[in-house]
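The residues making up each chain are set out below.
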Amino acid sequence: MRKRGCAVSGRARGADVRRGRGRGRWLPNQHGAWAMLAVPFLAGALLGGPRWAHVPLLVAWLLGYLAVYHAQQWVRLSRICRTPKAPRRHVRPAVCCAAGAAALGLPLAVAYPWLLPAAACAAPFVGVNFLYAYANRERALWNGLAAVVPACAMPLVTVRLGAGGPWSAGLGPALACLLYFAGTVLYVKTMIRERDSRTYYRASVAYHCAALLFVTALSPWPAAPFAIFLLRAALLPGRGLRVGVVGAVEVACSVGLLGVVVGVGVL
């Protein structure tokens, strides 16, 4: 791929500039990612019983995400930019966040050795994300779905950390989160980048129908939130909603999912 300078496109450069303003370029401009990181983690922690060990694990989890994000940006920009300045600005956040995650995570791994194979299970999905970053295709559908899987598997970890039971204790909340957040990958595309695509719209509605039927067959409790998720996937695309409104709707849906998962113990 030919390097075309940091102005690969005006839109890409503008996005990078906006990420840096007022936040020291440390926090990514990906608002949906925070809900995806927090909701599955909290669902498992609350169901398994909160423990003090959940606090450093949560901080290490978030710092690990930031480290991976900045490392991927370094990989992406190193390939597509002529000047080293753009990728270089991601080095310090990546190193600092990785060091913080390691400082908090290693003592936890000593106390709970099963955390190491759990972390290793996420490696293939992170590897897929790095490949898409190298190809400068971070917004690809499969890249988003690959990012969802390890995040939604966190209830398996946080339930066990709290209750000390088997992995299977967190399977229900993990599956509920996976069904929801995988659907958001399709739905958000129909609202923003693929808002004119009938193919994406039909795929999103079909997915949400299948998810509703699936969870209803297993338990009636999650039927209500998943019916709402289906309605928003069917009715909101094409209405010209601003990005902020789309984000607010997803925050509300995420909180609703967390309430149902914790309140009634779905699936």
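Residues numbered from 1 in each chain as written. Predicted model: local features only at pLDDT ≥ 70, side-chain atom pairs only at ≥ 80, totals over all residues. Heavy atoms only, no water.

## A short note on the packing of helix 2 (residues 31-48) against helix 9 (residues 171-191)
Where helix 2 meets helix 9, the axes come as close as 10 Å, and the angle between the chain directions of the two elements is 160°. Between helix 2 and helix 9, the interaxial angle falls into the category roughly antiparallel. In the packing of helix 2 onto helix 9, the handedness of the crossing is right-handed. For the pair helix 2 and helix 9, the contacting residues are A35, M36, V39, P40 and L47 in the first and P173, C177 and F181 in the second. Counted by class, the contact of helix 2 with helix 9 contains eight nonpolar, no polar and no charged residues. (Axes fitted to C-alpha atoms, helices over the stretch in contact; angles between N-to-C directions. Helix = DSSP H or I, 4+ residues; strand = E, 2+ residues; numbered from the N terminus. Parallel < 35°, antiparallel > 145°, perpendicular 65-115°, else oblique. Left-handed = near helix turned anticlockwise from the far one by under 90°. Contact = heavy atoms within 4.5 Å. Nonpolar A, V, L, I, M, F, W, Y, C, P; charged D, E, K, R; others polar.)

## Some remarks on the pattern of salt bridges
Here the structure, examined in full by the defined rule, presents two salt bridges. Across the pair E138 and R76 runs a salt bridge, and its minimum N-O distance is 3.2 Å. Of this pair, E138 sits in the loop between helix 6 (115-134) and helix 7 (141-152) while R76 sits in helix 3 (residues 54-80), and the two are 62 residues apart along the sequence. Assessed through its relative accessible area of 22%, E138 is described here as partly exposed. For R76, a relative accessible area of 6% puts it in the buried group. Where R232 meets E250, a salt bridge forms, and the shortest distance between an N and an O atom there is 2.9 Å. Residue R232 is found in helix 11 (residues 223-235), and its partner E250 is found in helix 12 (residues 243-264); the two are separated by 18 residues along the sequence. As far as the burial class goes, R232 and E250 line up, both buried. (Salt bridge = Lys/Arg side-chain N within 4 Å of Asp/Glu carboxyl O. Buried < 20%, exposed > 50% of the residue type's maximum accessible area, 1.4 Å probe, protein only.)

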